[in-house]
Amino acid sequence: MTASGERPNRAARGRWVFLSNVPVPEAHLLGLAVGAVLRRTRPLPLPGPRSAHRLVGLPLITAGAWRIGRAVRAARRTRLAHPDRLVVTGPYAVSRNPMYVGWALLHLGGAVARGSGWGLASFVPVAAWMHGEVLREERVLDDAFGAEYRRYRAAVPRYSGITCRGRPGRARTRTPWPRTGRTGRACRRCC
């Protein structure tokens, strides 16, 4: 009930719950903001014509938005801030972090489409920051879900659908093959 005694519209409430499940990428927003300020004060344009920048940047933006949209849809029944279950379907069957991949594509696409060298340069520290966040989240999920999360982690790559050995991830199989590097130990780069 609201202060006026009315019940909130169920459809409107559903929209806000849906949007509240989309994590805000503070690191990417900060990186783009710093890049925009530097672009204004000390321009560092990317080489080439503006049309080429857009030709490369807009598909990256589209791919990022598509990936985020699919990830949000797959996780719509789980509160991502405090999950009560693992989301392993949809894009989460190909990548353990499809939303982070989507935000990274949006960051890169936005920087390239605007022709901003600073926006592109800001991606490297942002990616390192986000990787640290992903590692922290993985420890939390491992503590919360134990063996279930470890099986999922062994079957699905961290960021992309390709593992360190160039094979597609196989999250849908019941007995996932272990991904190992040349040393025979599990790869820490993508796994």
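Please read these numbers as outputs of a predicted model, since none were measured by experiment.

### Quick notes on the overall build of the protein
Along its length, the protein carries seven helices and zero strands. For the protein, the succession of helices and strands along the chain, N to C, is α-α-α-α-α-α-α. Counting across all 191 residues of the protein, residues that qualify as buried make up 33%. Taking contacts inside the protein between residues at least 6 apart in sequence as the whole, the part at least 24 apart equals 66%. Carbon and sulfur atoms make up 61% of the accessible area of the protein, which amounts to about 12,400 Å² in all.

### Overview of the pattern of salt bridges
Summed over all chains, the structure comprises four salt bridges. Between Glu138 and Arg158 there is a salt bridge, with its nearest N and O atoms 3.0 Å apart. With Glu138 in helix 6 (residues 123-145) and Arg158 in the segment after helix 7 (147-155), the pair connects residues that are 20 residues apart, well separated along the chain. Just as Glu138 is buried, Arg158 falls in that class too. For the salt bridge of Asp142 with Arg150, the shortest nitrogen-to-oxygen distance reads 2.6 Å. According to the relative accessible area criterion, Arg150 is partly exposed, its value standing at 38%. Three or more residues joined by partner-sharing salt bridges are found here, namely Arg96, Glu138 and Arg158.

### So, the environment of Leu86
Checked against the element boundaries, Leu86 lands in the loop between helix 3 (50-74) and helix 4 (98-114). Using a relative accessible area of 12% as the deciding quantity, one classes Leu86 as buried. Sequence-wise, Leu86 and Glu148 are 62 residues apart; in three dimensions their C-alpha atoms are separated by 8.4 Å. Setting aside residues no more than four positions away along its own chain, Leu86 makes contact with Leu141, Phe145, Glu148, Tyr149 and Tyr152.

### Quick word on a nonpolar patch on the surface
Residues Leu30, Val34 and Trp129 make up a contiguous nonpolar surface patch of roughly 280 Å² in combined accessible area. Structurally, Val34 can be placed in helix 2 (residues 26-41).

### Observations regarding the confidence of the model for the protein
Per-chain confidence: the protein averages 80 in pLDDT, with 73% of residues scoring 70 or above. For the protein, the element scoring lowest by mean pLDDT is helix 1 (residues 10-20), at 51; helix 3 scores highest, at 95. Throughout residues 1-5 the model reports pLDDT below 50, and contacts reaching past four residues in sequence, or to other chains, amount to four contacts. Taken together, the stretch residues 8-14 has pLDDT below 50 and engages in three contacts with residues farther than four places along the chain or on a different chain.

### Brief notes about the packing of helix 4 against helix 6
Two numbers describe how helix 4 lies on helix 6: the axes approach to 12 Å, and their chain directions differ by 175°. Here helix 4 is positioned roughly antiparallel relative to helix 6, judged by the angle of their axes. In this structure, helix 4 contributes Tyr100, Ala104, His107 and Leu108 to the contact, and helix 6 contributes Phe123, Val126, Met130, Val134 and Glu137. Looking at the contact of helix 4 with helix 6, its residues break down into seven nonpolar, one polar and one charged.

### Thoughts on the packing of helix 2 against helix 4
Two numbers describe how helix 2 lies on helix 4: the axes approach to 10 Å, and their chain directions differ by 10°. With respect to helix 4, the element helix 2 is oriented roughly parallel. Where helix 2 approaches helix 4, its residues His28, Gly31, Leu32 and Arg39 are matched on the opposing element by Trp103, Ala104, His107 and Arg114. Residues of the contact of helix 2 with helix 4, tallied by class, amount to three nonpolar, three polar and two charged.

### What to know about a positive patch on the surface
Residues Arg40, Arg50, Arg54 and Arg114 make up a contiguous surface patch of positive charge. Take Arg40: it is sitting in helix 2. Judged by its relative accessible area of 75%, Arg40 falls in the exposed class.

Cut-off values and rules
- Residues numbered from 1 in each chain as written.
- Predicted model: local features only at pLDDT ≥ 70, side-chain atom pairs only at ≥ 80, totals over all residues.
- Heavy atoms only, no water.
- Helix = DSSP H or I, 4+ residues; strand = E, 2+ residues; numbered from the N terminus.
- Buried < 20%, exposed > 50% of the residue type's maximum accessible area, 1.4 Å probe, protein only.
- Contact = heavy atoms within 4.5 Å.
- Areas by Shrake-Rupley, 256 points an atom, 1.4 Å probe, with all protein chains shown as cover.
- Salt bridge = Lys/Arg side-chain N within 4 Å of Asp/Glu carboxyl O.
- Patch = residues over 30% accessible without salt bridge, like charges linked within 9 Å, V, L, I, M, F, W, Y side chains within 5 Å.
- pLDDT = per-residue confidence, 0-100.
- Axes fitted to C-alpha atoms, helices over the stretch in contact; angles between N-to-C directions.
- Parallel < 35°, antiparallel > 145°, perpendicular 65-115°, else oblique.
- Nonpolar A, V, L, I, M, F, W, Y, C, P; charged D, E, K, R; others polar.
- Lys, Arg positive; Asp, Glu negative; His and termini not counted.
- Charge placed at Lys NZ, Arg CZ, Asp CG, Glu CD.

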